[in-house]
Amino acid sequence: MTLLSPQALGRSGLQVAPLSLGTVKLGRNQGVKYPQPFNLPDDRRAQALLDTASELGINLLDTAPAYGESETRLGALLRGQRQRWIVCTKVGESFENGQSRFDFTPTHCRASVERSLRRLRTDVLDIVLIHSDGNDEDILNRWGTLDALQQLKQEGKVRAVGLSHKSAAGGQLAVDAGADVIMATLNRDYLQEQSLITAAAAQGCGVLIKKALASGHADPSDLAKVAGHPGVHSIVIGTTSPEHLRQNAALISAARQPAG
Ligand SMILES: NC(=O)c1ccc[n+]([C@@H]2O[C@H](COP(=O)([O-])OP(=O)(O)OC[C@H]3O[C@@H](n4cnc5c(N)ncnc54)[C@H](OP(=O)(O)O)[C@@H]3O)[C@@H](O)[C@H]2O)c1
C-alpha cells in the first residue's frame, strides 16, 4: 500500500517521497559502523526489498562508489524499472579491496560519474553528491569539485548536484555555492545541523537526511522528530529488512500528517 506521497526536493525539479532507501548494506559489510555484523542480501532478497520500497511509495535510492558493490548490483536490479526511481550517487570516495580512497579532483569527478553511469546502466544520474571525507570547506574552496559536477549537469549526464557534508558550515557553503541538494545528518545524538536544514530548504535547496537512526543505534520512534523537522524533504534510511522499511514508512507517514 502506498503510504508516502512525493514532494518537491527543493528547486531540483525532482519529486521525492519523505522516506528513501539507503543501499550501503546491499554492497558493503566491511568497515561499517552498524551495531551487528551482517551478510549482504542475495539478489532475491534485494529485489524483494526494492519491491516493498516501491509498494510503499519510496522513489529514491541512495548509493555511492564508497558502498562497495552497491552501484553494480543496483544496475542489474533496476533493469526494466530504471524510470521508476530517482538514483542518487556520489563522487570523491571509492571503496575497493577493503580500503576507502578519496579523490576530489575534477578529473576524478568526471571519471567517477562515467563509471557510475556504466555501473548503474543508465544515461543520466538523477542526483550526484560529493561524498565528503570531513574536509567540507577544503573540498568546495580548493578542489572545484562542485563546479565539475555543475559542468556534468550542463552536459546532461546529471540532473541535480550537491554535497553530502560532515559539518553545518560545509553544508551552508554548498547551499551558497548553488548546490541543488545537500545530505545532512540529524539524529538524537547529533543536532548541530538543525538550523542549516531549515535555512537550506528556505533557500530552495533539496534536503536529504542520513543517519536518522544513528546508523542503527537509535530507536525507530525517533523518526517522528526527524520527519517533523522543518526543511527535511526525505530521510534516507539504510535497511535490508522489508519489515523495518514498512515500520519506518508508517512512522514517517504518521509524522507528516497535518495536525487535525
Ligand atoms: N554520504 C555519506 O557520508 C553517508 C554516510 C552514511 C550514510 N549515508 C546514507 O544514509 C543512509 C542511512 O545511513 P546509515 O545506514 O548509516 O544509518 P541509519 O539509516 O541511521 O541506520 C541504518 C541501520 O538502522 C537499522 N534499522 C533501520 N530501520 C530499522 C527499524 N525500523 N528497526 C530497527 N533497526 C532499523 C538498519 O538495520 P536493518 O538492516 O536490520 O534494518 C541499519 O543497520 C545510508 O544507507 C546511506 O545511503 C551517507
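Small disclaimer: the values here were computed from a predicted structure and weren't measured.

1. Thoughts on the pattern of salt bridges
For step 1, the next point in the chain: This structure, assessed with the given rule, holds 13 salt bridges.
For step 2, the next point in the chain: For the salt bridge of arginine 119 with glutamate 71, the shortest nitrogen-to-oxygen distance reads 3.3 Å. Taken together, the residues span a long stretch of sequence, with arginine 119 in helix H4 (residues 106-119) and glutamate 71 in helix H3 (residues 70-77) at a distance of 48 residues.
For step 3, the next point in the chain: Glutamate 71 gets classed as buried once you look at its relative accessible area, which sits at 0%.
For step 4, the next point in the chain: One continuous salt-bridge network, built from bridges that share partners, spans Glu71, Glu96, Arg115 and Arg119.

2. Some thoughts on the sheet that holds strand E9 (residues 158-164)
For step 1, the next point in the chain: Spatial ordering of the closed barrel is given by E3-E4-E5-E8-E9-E10-E11-E12, a layout of eight strands whose pairing is parallel. On average, each strand axis in the sheet is inclined to that of its neighbour by 30°, with strand direction left out of account.
For step 2, the next point in the chain: Relative to strand E11 (residues 206-210), strand E10 (residues 181-185) runs parallel, the two being bridged by five bridges. Bridge assignment links valine 181 to a residue of E11, and that residue is glycine 206.

3. A look at the site of the ligand
For step 1, the next point in the chain: Around the ligand there are 27 residues in total, and Tyr34, Asp62, Ser164, Thr239 and His244 lie nearest to it.
For step 2, the next point in the chain: In this structure, alanine 214 approaches the ligand through a main-chain N or O atom, which is 3.4 Å from an oxygen atom.
For step 3, the next point in the chain: Taken by itself the ligand offers 890 Å² of open surface, and the protein chains cover 89% of this.
For step 4, the next point in the chain: Under a 2 Å grid-point criterion requiring more than half of the atoms, the pocket assigned to the ligand is the largest pocket.
For step 5, the next point in the chain: Going through the elements one at a time, helix H1 (24-27), strand E12 (234-238) and helix H10 (242-256) are the ones with two or more residues in the shell around the ligand.
For step 6, the next point in the chain: A breakdown of the residues in the shell around the ligand according to their chemical character gives ten nonpolar, twelve polar and five charged.

Thresholds, definitions, all that
- Residues numbered from 1 in each chain as written.
- Predicted model: local features only at pLDDT ≥ 70, side-chain atom pairs only at ≥ 80, totals over all residues.
- Heavy atoms only, no water.
- Salt bridge = Lys/Arg side-chain N within 4 Å of Asp/Glu carboxyl O.
- Helix = DSSP H or I, 4+ residues; strand = E, 2+ residues; numbered from the N terminus.
- Buried < 20%, exposed > 50% of the residue type's maximum accessible area, 1.4 Å probe, protein only.
- Pairing = 2+ DSSP bridges.
- Axes fitted to C-alpha atoms, helices over the stretch in contact; angles between N-to-C directions.
- Near = heavy atom within 4 Å.
- Polar contact = N/O pair within 3.5 Å; in protein donor to acceptor, adjacent residues only side chain to side chain.
- Areas by Shrake-Rupley, 256 points an atom, 1.4 Å probe, with all protein chains shown as cover.
- 1 Å grid on protein atoms, 1.4 Å probe; cavity = no way out; pocket = protein on both sides within 12 Å on 5 of 7 lines; lining within 4 Å.
- Sits in = over half its atoms within 2 Å of the grid points.
- Nonpolar A, V, L, I, M, F, W, Y, C, P; charged D, E, K, R; others polar.

Nothing here speaks to function; it is geometry throughout.
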